[in-house]
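# Examination of the molecular architecture
What follows is the residue order along each chain.
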Amino acid sequence: MNWLSQIASVTWFGVCTIPRRKGSAIVATAGIAGVVVVFVGVLSIAQGFRKAVTSTGRDDIAIVLRDGANNEMSSGLGRDVARVVKDAPGVARENGAAVASAELFVIIDVPKRSTGTDANVPFRGVEAAAPTVRGNVTVTQGRMFERGRNEVIAGVAAAREFAGLDVGKTIKLGKTEWNVVGVFSAGGGVAESELWTDTTVLQQAYQRGDSYQSVYAQLVSPDKFQEFKDALTSNPQIKVKVVRQAEFYADQSTMTTNFITGIGTVIALMMALGALLGALNTMYNAVASRGREIATLRALGFGAAPVVCSVLIESLALALTGGVIGGLGAYLAFDGYGAATMNFQTWSQIAFAFAVTPKLLLNAILWAATIGLLGGLFPAIRAARLPIAAGLRET
Amino acid sequence: MSTSDGVLVRVKDVEKVFHRGSEEIHVLSGLNLEVPKGEFLALMGPSGSGKSTLLNLMGGLDRATNGTVEIGGERIDEMSDRQLAAWRARHVGLVFQFYNLLPVLTAERNVELPLLLTPLSKAERRQHVETALTAVGLNQRSRHYPRQLSGGEQQRVGIARAIITDPTILLCDEPTGDLDRKSGDEILGLLQALNREHGKTIVMVTHDPHASARAKRTVYLDKGQLFKEKPE
Ligand SMILES: Nc1ncnc2c1ncn2[C@@H]1O[C@H](COP(=O)(O)OP(=O)(O)OP(=O)(O)O)[C@@H](O)[C@H]1O
Ligand SMILES: [Mg+2]
């Protein structure tokens, strides 16, 4: 009989004895299932978050920043640059005016309704085209701010979360009193956690002269992007960076997703260590409780290698069982699970769903397999080294 | 399989030392034994005298500290672990005091075990298993699990497993040690028949004078040496 069938039969004899020691087998399997659930659960948050953030961005909207800036905060554009951008080819026009919004924002502190402690809120100056450029921005309460006046409208998420953002109230930000005149929704997008006012009013209130941070431009169609970008980047008078809104949001979410992924990995690693100990314990028990059987098989002429393989295979099988159960459980529990209440500061009210992707599941199963193999390795070696004569003396 | 002078087993100047912590236990010291082909040898001696140890050396289950073990003209003490495993599968039939059957397998599957190491087809294996179980009078119980069988019946399964590959030598370590007189006698009858009718060479460790009386010859192990008569 060849090696493979030796391995198969020795493995089969071992697997048949699992019911006899089902307690420890269940513990090990459950431990590994737990690792997989946590791993998949946490990482599906990152995936879902990324997906949601990316999908709020559109292909036919371009964002222009200063060359070298990675976000609006580190960007700065003069009035003349904003002018050039609005006049560039590819920008949609309505009644001769470019559908584009030159914007800037400051971060202000506003107390939370729930705790009364201050938290950061982006306070953004926008131009008339902003609602169009963001897509589906609608004033749900009150009215739009008027140009040139100290009036703000609050995104629904911001209004819900922060104190004093009620229509009709005034709120003191910096040295200026502002009237809250409306609340707007933005289809679940990032803007819902911002305050908006007129660009020029904000520039004056915060002494920003006539500088902007970004221009949001509506393109005639998504395929005009390249033309628009080329026209701006080849213009020697200005130094700007041009990105599609979808890419911009994806970039912005990288840090958050990496952070969540990092935390998830650390937690999963710690749990994996526990599961590894469980698997080790189970397989040591398996080998110990089968000492005489293994010795008997060896005495009859079965080789040491099939014994090693059989222990490894059994451990792997237990781990994969745990992995599949955990993966399935995580999929059923988390995939599509709405997480609108998740709070990540400025991303506070982005509604997103956990996304359990096939790649994520595959990774989790690989983790489980690794735990199984490591957990089986030393017990397998012990089983193979067990002297036959001593093994036969065991009762 | 035997050498020209008819000697099957030749154990020469064998020493076996066990280490337990810093303590050295000299179990066998300069022991010599020759077993002719067709012998039925009983090996007696006090508990702890090294009977199982000697049997293990002859079965290639353990290695001597010094000395040589030759079986059928082959120096098994010079074989590698892997060679030894293959040699055991081919030449040795083992019968244990506590049967050592795999509890998860039926009687017939237990008996089949050693055949899994041979190139025999499934049908051939089935044929051999039936023959062996019939020889020990258990072919009616082939589908039973060990726990469904009495001690005597389990030991018959053990013997069927030991003879299924038609081994060169049958090594039995207290095969009746766990059985009542009646079942023990039946097992001894089986071994005797295997020796007389099929010419099987048997070495049997036993404490029981009734058992040794069924053998052709008895040797006594004491203080690391073999004696023809029971030492006083
Ligand atoms: N693996 C081992 N390690 C250490 N000492 C051992 C080992 N195997 C056997 N011994 C010792 O060697 C001696 C002989 O053991 P062995 O099992 O051969 O005796 P025995 O004659 O078969 O005894 P019994 O009649 O009780 O079965 C005993 O003192 C035993 O404790
Ligand atoms: Mg013994």
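Data block above holds the structure.
In short, a report on the structure. The shown structure was predicted, so the numbers you read here are calculated from the model rather than taken from an experiment.

## Description of the site of ligand 1
In the vicinity of ligand 1 there are 14 residues, among which Arg393(A), Ser47(B), Lys51(B), Ser52(B) and Thr53(B) approach most closely. Residues within reach of ligand 1 are spread across chains A and B. Here an oxygen atom of ligand 1 sits 2.9 Å away from a polar atom, N or O, in the side chain of Arg20(B). Here Ser49(B) contributes a backbone N or O atom positioned 3.3 Å from an oxygen atom of ligand 1. Coverage of ligand 1 by the protein amounts to 76% of the 630 Å² it exposes when considered alone. When atoms are counted within 2 Å of each cavity's grid points, the one that captures over half of ligand 1 is the largest pocket. Of all elements in the fold, only strand S1 (7-20) and helix H1 (51-58) of chain B reach the threshold of two or more residues within the shell around ligand 1. When residues in the shell around ligand 1 are grouped by element, the largest group, three residues, is from H1(B).

## Side note on the packing of aromatic side chains
Residue and element names in this part refer to chain A. Evaluated as defined, the whole model comprises four aromatic pairs over all chains. Judged by centre distance (5.0 Å) and plane angle (85°), the rings of Phe123 and Trp178 are edge-to-face. In this pair, Phe123 is assigned in strand S5 (residues 118-126) and Trp178 in strand S9 (residues 176-185), connecting sequence segments 55 residues apart. The exposure classification of Phe123 matches that of Trp178, with both residues buried.

## A short note on the pairing of strand S7 (residues 151-155) of chain A
Residues and elements named next belong to chain A. With five of its five residues buried, S7 lies for the most part within the structure. With five bridges joining them, S7 and S9 adopt parallel strand pairing. If you follow Ala154 over to S9, its bridge partner there is Val183. Here S7 runs beside strand S10 (residues 195-198); their pairing, made up of two bridges, is antiparallel. Note that in S10 the partner of Ala154 across the bridge is Leu195.

So, how was this worked out
Counting of residues starts from 1 at the beginning of each chain's written sequence and follows it residue by residue. Chains carry letters from A onward and ligands carry numbers from 1 onward, assigned in written order. This being a predicted model, a pLDDT of at least 70 is required before a residue's local features are given, and a value of 80 or more before pairs of side-chain atoms are given or counted; all residues contribute to the totals for chains, interfaces and linings. Side-chain measures here rest on the full set of heavy atoms in the structure, leaving out hydrogens and waters. The rule for a residue being near a molecule or strand is that one of its heavy atoms must lie within 4 Å of it. Polar contact is defined as a pair of N or O atoms within 3.5 Å, subject to the rule that within protein one atom must be able to donate a hydrogen and the other to accept it, and that residues adjacent in sequence are counted only when both atoms are side-chain atoms. Computed by Shrake-Rupley with a 1.4 Å probe, the accessible areas treat only the displayed protein chains as cover when residues are assessed. Lining residues are those with an atom within 4 Å of a point, where the points come from a 1 Å grid over the protein atoms alone and group into cavities, where a 1.4 Å probe fits but cannot get out, or pockets, open sets with protein on both sides within 12 Å along at least five of seven lines. For a molecule to be placed in a cavity or pocket, more than half of its atoms must lie within 2 Å of the grid points of that cavity or pocket. A run of DSSP states H or I qualifies as a helix once it reaches four residues; a run of E qualifies as a strand once it reaches two. Both are numbered from the N-terminal end. Ring pairs shown here join Phe, Tyr and Trp side chains whose ring centres sit within 6.5 Å, with only the six-membered ring taken for Trp; geometry is labelled stacked below 30 degrees between planes, edge-to-face above 60, and tilted in between. Buried means the residue's accessible area, taken with a 1.4 Å probe over protein chains only, is under 20% of the maximum for its type, while exposed means over 50%, and partly exposed covers the values in between. A pair of strands is labelled paired if DSSP reports no fewer than 2 bridges between them.

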